[in-house]
Amino acid sequence: MLFIQLFINGIQTGALYALIAAGFSLIFGTTRVFHVAHGATFTLAGFVFYELYTVLAWAWPLAALGAAAAAAVFGVLVDRYVYSVIQRHEAAFFTVFVASFGLAIVVQNLIAIGFGRGLVTVPTPLSKSLELLPGLYVAPMAAVAVLCAIVAFGLLQWLLTHTNLGLALRALGENPELVRVYGLTPRRLSQYVFLIGSLLAVPAAILTAATSGLNPAMGHHIMLISIAATIVGGVGSLRGAAVAGLLLGMAENLSLAWIDPQWSEAVTFVVLFLFILFRPGGFFGRAVTS
Amino acid sequence: MLAYLQNIAVLFCVNAMLAVTLNFIMGYAGIFSLAHAIFFGVGAYTAANIAMHFSDSLLLCVAGAVLVSGALSMVLALPALRVRGEYFVAASLGLQVIGVTVFSEWKSATGGLGGLVGIPPPTVFGHALATPGEFLGLAAGGLAAVLLITTALLRGSFGRSLMAIRDSESAAQAAGKWVAAVKTLSVAVSAGLAAVAGAIYAFYMSFVNVEGFMLETSILLMAMVIIGGTGTVFGPIIGAALLMLLPPALTYLPFLPPSELGTVQQIVYGSIMVLLMMFRPGGLVGGRRKRGKA
Amino acid sequence: MTPRGDTSGAVRAADAGPVLLRMQGLSKRFGGLQAISDVTLDLPAGMITTLVGPNGAGKTTLFNMITGHLVPTAGTVHLHGKPLARLAPWQIARRGVGRSFQDLRLFTHMSVLENVTTVIERGSWLWQRRADPERIQAVLNDAGLWDKRHERAADLAYAERKFLSLARIMAGDASLWLLDEPASGLDPRSFDRFVALLRNYAARGITICIIEHNLDLVTQLSDRVAFLDQGKLLACGDPAGILKDPQLAAIYFGERA
């Protein structure tokens, strides 16, 4: 029974990780920007939702929209006013990474000042666990999480294969100049990428707030998962990042059957290490040894 | 007052040693590590254990710390050899996270969350270091040694090989450079010398616990190197000095509640990092261009 | 088109002297793309061989397979009669293979002097291979860069950068030089100086293989020409014969039979 419980928890966590990782992978795969501030996007969306829904008592659709707006605006502004400035004179991986890192630190700490450093939860009617079977506790939120993930990926898939924007996005990863064929510039397209990528983190943030709660420092963990999933899934493969996110969520939860909770984060990294050592290309990616 | 200044000076030396050794791989080899605090910690715990259970000779403890840390760095070196920068950052992050968990859980070696207390002072030629002045001498000596070793390596053929690899790995290979060996050695040197700082820190505080070796510390060290200027000799030292002055400087601002100091400190250097990357990627010492000269 | 003349680049036993580098049946496949098909080519010692062919013919890929930057899908490469299979690029370099890149890949943050010194030093450790200052000076003088020795590679003029790329190889003590479009974009004076320099080193017994589009260079320097198109070796032999062949010219300039 424990195993089934962990399995279901794993699917719930995995679904959310898949969404977050897909957002990061989309951004990194197409723009080559190591956007570690993606974790900050997640935290921001979560806390905005908390503020609007729990503190100011807005209706949840409005609160969700508010969170989405915050995430989208943050992502696009960071690209427009920070990354593009840097890329104009120095496109080195290092410089962009450090700037992103600095931003993540700033946002995380601003949130800590505003909301305190403790855990913050968003109680909703669906958050309460129901005992489905003796010893098996599942909250309806879990189903919502999985459903959200499926819908989001469905939309993403449609976007990538049936719209001009989607095709241009895929072109951007291969050959930036090709993008002009679609009537867009790489710069403009980059902003769309950050928009979509940031939005992908929003459902995960809201659902996490409603299930396990939020704290300002969680951006770190989110980033760890995003990077790990992107590498394990294969750089340039959204499908890979999503699958890897799911698997990492499963692994994190299932491993609790054998090891203490403190080590579950380590499990993610052992998996990552093994992939880097033996299969740097990940599941679906191209091998990227230098 | 003197005691206060001596304390700051010792901590400055330790931080500067860490910043210089991190700069060794970041600024010159182009290897970005978020796990530097772990090697600091490994050095501290190893030296403490040797002193507590075996011998309190300074030489032995430091040697042990360097060896263990250097050996552990092979774990980090392996991914560095095979994959590009982005992947390496992820691997180092993984090592940092796992390392903290190991430090917190391995009670027999690290004392778990409580840490190790009562670390005996180290002995040099039979004399146990006791006064703050003596510890300052140790710390300053450590910093001088680290600077000497890293500069000697960087000014010589090893440094040239390192920079060649950083500028174009394929051309360095075509020039006959055994890239894997150079990278591995640079990671080992960086980790080993960071362990020296760890040993000095453990002896000075006579107490170590995991708090000093967490992700926050690795981030702080990276900030010191970046803000001071990667790939320069004085950059990391200036970065260390500045970021150490920050917390005391902030206490002078009346409107800041003391409980928020750590947070504000992080906001300040986070913002500095962003602004520097936008307008002066070479850091304070480096200037507009990122240089890499010893 | 049907291959002309002797398509095996193998040197007949009756011909000239020893063969420095022997490529046999080399092929390279990238996923669905066959980049090189069954290339057999010898580089005789002390001779200058030029590799010509339209863009995308696979010339650089061939170089990459010799230097170990790419692993062949099939075929072998032998240097001085010994196989180069499974050796890392640095090991092949240390066996005396020097190589330049089309995009130069200079050590941009280092000075001219350091660029050359680090090649001579070769090894990674503190105590290996002291760089002989006279040797460095000789190399830099030949390349005409002695006066600029303290300048950063990134700050050099275009022609100077090309010469630095060559100077690195000269410093490396290689017996086989693989040059990838080394003279492209050079002004006439630098070009003449370049040709003279190559002739000089060839006379000292260095084996050189050049990828070139500049037909002047080809005619002035080559002892042998190999024509590559779409991964296949179409012709190999005397420069005059190959350069005057109308069908090869048609391929080279883009019209296909």
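Before going into details, it helps to say that this report is about the structure given with it. Residues take numbers from 1 onward in each chain, read along the sequence in its written order. Written order determines the labels here, with chains lettered from A and ligands numbered from 1. Predicted model: local features are reported for residues with pLDDT of at least 70 only, side-chain atom pairs are reported and counted for 80 or more only, and whole-chain, interface and lining totals are derived from all residues.

Digging into the sheet that holds strand β5 (residues 82–83) of chain C
The following threshold applies: Two strands qualify as a pair provided DSSP detects at least 2 bridges between them. Put simply, DSSP marks the helices as runs of H or I at least four residues long and the strands as runs of E at least two long, and each gets a number from the N terminus on.
Read across the sheet, 4 strands follow the order β2-β1-β4-β5 (chain C) without closing on themselves; strand pairing throughout is antiparallel. Each of the sheet's edge strands pairs with one partner strand only, and the pair in question is β2 (33–44) and β5 of chain C.

Examining the packing of helix α7 (residues 157–167) of chain B against helix α9 (residues 179–205) of chain B
Residue and element names in this part refer to chain B. Formally: The angle between two axes is taken between their N-to-C directions and runs from 0 to 180 degrees, where each axis is a line fitted to C-alpha atoms and a helix contributes only its stretch in contact. Any angle from 65 to 115 degrees is called roughly perpendicular, while one under 35 is roughly parallel, one over 145 is roughly antiparallel, and all others are oblique. By definition, any crossing whose near helix is turned counterclockwise from its far helix by less than a right angle is left-handed, and any crossing with a clockwise turn is right-handed. This entry defines residue contacts through backbone-placed C-beta atoms, with two residues in contact when those atoms are within 7 Å. Three classes are used, and their members are as follows: Ala, Val, Leu, Ile, Met, Phe, Trp, Tyr, Cys and Pro are nonpolar, Asp, Glu, Lys and Arg are charged, and the others, Gly among them, are polar.
Between α7 and α9, the shortest axis-to-axis distance is 10 Å and the interhelical angle comes to 110°. In this view, α7 runs roughly perpendicular relative to α9, as classed from their interaxial angle. In terms of crossing hand, the pair formed by α7 and α9 is left-handed. Counted together, Ser161, Leu162 and Ile165 of α7 and Val179, Val182 and Ser186 of α9 form the full contact between these two elements. Residue classes in the contact of α7 with α9 are distributed as 4 nonpolar, 2 polar and no charged.

Things to note about the interface of chain B and chain A
With 33 residues of chain B in contact, the opposing surface of chain A contributes 37 residues. Looking at the side of chain B that touches chain A, the elements that each hand over two or more residues are α3 (58–82), α4 (85–105), α10 (215–228) and α12 (261–279) of chain B.

What to know about the nonpolar core
To be explicit about the condition: One nonpolar core equals one set of buried Ala, Val, Leu, Ile, Met, Phe, Trp, Tyr and Cys residues connected by C-beta atoms within 7 Å. Here a residue counts as buried when 20 or more other C-beta atoms fall within 10 Å of its C-beta, as exposed when 12 or fewer do, and as partly exposed in between; the C-beta atoms come from the backbone.
Counting 283 residues, the largest nonpolar core has Phe49(A), Ala67(A) and Met273(B) as its most contacted members. It is α9(B) that contributes the most residues to this core, 18 residues altogether. In this structure Phe49(A) touches Ala63(A), Ala64(A), Ala67(A), Val122(A), Ala205(A), Ile206(A) and Ala209(A), once residues within four positions along its chain are discounted.

Structural notes on the arrangement of the chains
There are 2 pairs of chains in contact here; the most contacts are made by chains A and B. Regarding chain A and chain C, which are not in contact, the minimum distance between any of their C-alpha atoms is 10 Å.

A closer look at the sheet that holds strand β3 (residues 48–52) of chain C
Residues and elements named next belong to chain C. The strand order across the open sheet built from 6 strands is β6-β7-β8-β3-β9-β10, with neighbouring strands paired in mixed fashion. Two strands close off the open sheet at either side, each with one partner strand: β6 (97–99) and β10 (232–237). For this sheet the average axis-to-axis angle between neighbouring strands, irrespective of direction, equals 15°. With 5 bridges joining them, strand β7 (residues 176–180) and strand β8 (residues 207–211) adopt parallel strand pairing. Among the inter-strand pairings, Asp180 is bridged to a residue of β8, identified as Ile211.

Re the pairing of β10(C)
Two strands pair when backbone bridges link them, and strand β9 (residues 224–229) of chain C and β10(C) are joined in this way by 5 bridges, in the antiparallel orientation. Across the sheet, residue Ala226(C) finds its bridge partner in β10(C), namely Cys236(C).

Here we look at the packing of α10(B) against α12(B)
Residues and elements named next belong to chain B. Put simply, α10 and α12 touch, their axes get as near as 10 Å, and they point 40° apart. In terms of orientation, α10 and α12 fall into the oblique class. Read as a crossing pair, α10 and α12 show a hand that is left-handed. Facing α10, whose interface residues are Ala223, Ile226 and Ile227, α12 presents Tyr269, Ile272, Met273 and Leu276.

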